[in-house]
Structure formats: structure tokens, C-alpha cells
Amino acid sequence: MEKLRNLSLKKTFILYVTVILIGTFPLSAVIVHHVTVFQQQIWNKYIDQEVYYQVQEDEGADYVTSIRRPQAGVMSERDEFLSELCDFFETYTVLIFAVAGCVTAVFLFYRNKLRVPIEELNAASQMIAKDDLDFHIAYENQDELGQLCREFEKMRAQLEENNRKMWRMIEDEKALRAAVAHDIRSPLSVLMGYQEMLLEFAGEGILDEKKMQEMLQEGMGQIKRMDAFIETMRKTAKLEERMPQYSLTKVGKLCQEIEKEGKLLGKNAGKLCLVQTEKEEQLIKIDKEMVLEVVENLLTNALRYAREKVEIAAIPSEHELTILVSDDGAGFQEDTEKVTQAYFHGDSKDDLSHFGMGMYISRIYCERHGGRLIPGNKEKGGAVVKAVFQYGE
């Protein structure tokens, strides 16, 4: 039954027509036979019975005597009509049953093979037209319509993913506007305050040289902060334009560069950075610069919250490279969905030191590389971020 259900549409239709026609031909023959016997019985009423039986006796028991059609006007009007009707059935019974069988085959074919997937596709198209993607197509036969339904389901899933990305972009845009308002207004307010103080008191000699030097240095710090924010926004604007540039590299060589970067960043942060790997001789096809930038962002973020050390593990498989960056800090205190959003700050004090873009950029690069970024917490405490990069073709 399963094999029959998964037959192609063409084979199924041919099977239905063949089976029904094979069944209708014997039935047609039986009906024609009975119609012929009935017609002979009608004609038998209008022959000379004595002559008929005399011929039978003279020729013997094996002799078959056919009954001729009575001449016109001999039979009654009713028998004439019945005889003509028998002629009609003798001539057209096979054709009538063949046509009826074909119609039945088409009906059964539609009911068993077409109706369910067509109804599902029609309902799905109406829901998509209403922008409602919360449904699934359940038709799973292996025929052509089953393949069409699976492709339609893939399209629905892609539309749902595109909608999710669109809403994420809208949320990121909101976050961008909020970040611009916050990260530009704050240093400008500080600079304005210092400028007003300088204008009001510098000429009167109230401010000594040391105080003025401190205010100027603080103002320069605020200017650098705005410059860093503008550079971050410039990099964000180019995210959508950057595509992976794949090249072959050894896992060991990649890990050497990660280790060099980790030692430098760890030294500056006063914390230990350890790198582990396996299958160092395996060749993988990746965008090395994109991978290293993700690792740098994750490492910088981990060193910010780590107590003593950060661990990095590079795990290559047949189709993808997985990099785990973990620390011994308090772990993520927020929903892990939020930490990959643009301009997210886990601590309001961090606003002065970074702009909450590292995890967001890392997520975008992982997705561009055919992978994903999965933040989480370790069982024994501390955060762990899993960055997955799919190999290029």
C-alpha cells in the first residue's frame, strides 16, 4: 500500500485506467450476452415453432439454429422498441462502459492523489497571502505533488526566516537610533559643560592650569569616544556588503594565530588565555580573516568578564569548524537571545568602554559563513559562546 501511494502521478493514472478497463470489459461481455439472449427470446415469439423444432430434429442435437430478426411490421410496437434497444446495447455497451470506467478512474485519481495536496497548497497560499506563516504542510507522499509540497514548505520556512531577519533588522534599527541618541548626546553634554566652564572662568583666572589641563584631557577622551563610536557605526554599515572569501588553511596554523592574538589581549587584560585544538593537519576552507575577527570579538568580550582565564577550543569536523570561547566569570545574566543584538550592554557601566557591537558583529559573520553563534552558560559557572563556520565549496 505504501509503495502504491508513493507511485508517480503518471504511473498511478495508468494503473487506475488499466485496472478499471480490465474490469469493465468482462462486465460488458456479460451484459452483451444477456442482451442477445433477451433479444432472441423476443424474436422467438414471432417464428413458426413447428418448423423450428422440425429443423432441430432433422439436423440433430449438435446443430445450432439461429433465429432471424422478424420482418418489419410483424413485431408489436413494444417488442420492436425492446429489440432496437437490444441492438443499441449490443453495439455501444463496450464504449459506454469504457467511458464510464475512464471517468471513474479520473475521479478516483483526483480523490486519492490530487485532492489532499491541492487543498493543502491552496490553504497554504491563502495563509501566506495573509502574512501568516505559522503553519506546516503535512503531505508527505513521495510523488511529484509530495515533492512540490516539500518545496513549498521550504519556501514557507525561508519566508519565515526572512521575516524573522526583517524584524531583527527593525529592532536593530531601533537600537541604533537609541545608541546614537545616547552615545553621542552623553559626550557632547560633557564637552558642552567643560566648554561653558572654560568660557566663563578661564578668562577670570579662577581655573588654574592643572584644572584646565584635566578638563582638556577629559574633553579629548570624550572626543575619542565619539570617534570610536563613529568607526563602529561605519563597520556596521559594511556588514551587509561583506561576503566570505574562502581559502584553504590548516587548523594548526589558524590556531597559532588565535593563540598569538589571545596572549596579546590576555596580557593587556592581566588574565590567562589558553587555546586547545585537534586535527591540526586538517585542511579547511574558510574565510580566515572573518573567523579571526569573530574570535577577537568573543575573546575581548570574555576577557572583560573573566576572573582569571579564558579558554578557546577549535574543533574541526567534516563540514564545519566550531570554536568555543569560555570564561570563568559569572556567565550571562540576561536572555542569551538579547546578547547578540546590536548595541546590547550587559552592564550600564560598559557604555563608557564599548558599544555592545562585538557579539552582534560575530553573529552576522557566523551567519554569513553559513553557521551560527550560540551563547550560553557552563554548568559550573561562566559563559561559553559557540561559533560555527561552515566550510566553503
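In this text, all values refer to a predicted model and were calculated from it rather than measured experimentally.

Novice: I'm lost on the overall build of the protein in this one. Help?
Specialist: Across its full length, the protein holds nine helices and seven strands. Put simply, the protein has 393 residues, and 33% of those count as buried. Within the protein, residue pairs in contact and separated by at least 24 positions form 70% of the contacts whose partners lie at least 6 positions apart. About 24,900 Å² of surface is accessible on the protein, with carbon and sulfur atoms providing 57% of the total.

Novice: What's the story with the packing of aromatic side chains in this structure? I'm lost.
Specialist: One pair of aromatic rings is described through two measures. These are the centre distance and the angle between the planes. Evaluation of the coordinates by the stated rule reveals four aromatic pairs. Between F88 and F89, the aromatic rings sit 5.7 Å apart at their centres with planes inclined by 80°, giving edge-to-face as the arrangement. Under the relative-accessibility criterion, F88 is labelled partly exposed at 39%. Seen in terms of ring centroids, F88 and Y92 are 5.0 Å apart; in terms of plane orientation they differ by 45°. Their pairing is tilted. Within this pair, F88 and its partner Y92 are both found in helix 4 (residues 77-129), separated by four residues, close to a single helical turn. Here the aromatic cluster, defined as three or more aromatic residues joined through ring pairs, consists of F13, Y16 and F109. Sitting above the plane of the F135 ring, R156 keeps its charged end 5.6 Å from the centroid.

Novice: What should I look at first to understand helix 8 (residues 288-305) in this one?
Specialist: Quick reminder: α-helices carry 3.6 residues per turn. Residues three or four places apart thus point the same way. Its 18 residues place the ends of helix 8 26 Å apart at the C-alpha level, agreeing with the 26 Å of an ideal helix rising 1.5 Å per residue. Of all 18 residues making up helix 8, 13 are buried, and the element is well covered by its neighbours.

Reading guide: rules and limits
Residues numbered from 1 in each chain as written. Predicted model: local features only at pLDDT ≥ 70, side-chain atom pairs only at ≥ 80, totals over all residues. Heavy atoms only, no water. Helix = DSSP H or I, 4+ residues; strand = E, 2+ residues; numbered from the N terminus. Buried < 20%, exposed > 50% of the residue type's maximum accessible area, 1.4 Å probe, protein only. Contact = heavy atoms within 4.5 Å. Areas by Shrake-Rupley, 256 points an atom, 1.4 Å probe, with all protein chains shown as cover. Phe/Tyr/Trp six-rings, centres within 6.5 Å; stacked < 30°, edge-to-face > 60°. Lys NZ or Arg CZ within 6 Å of the ring centre and 35° of its normal. Expected span 1.5 Å × (residues − 1).

These figures capture arrangement, not role.
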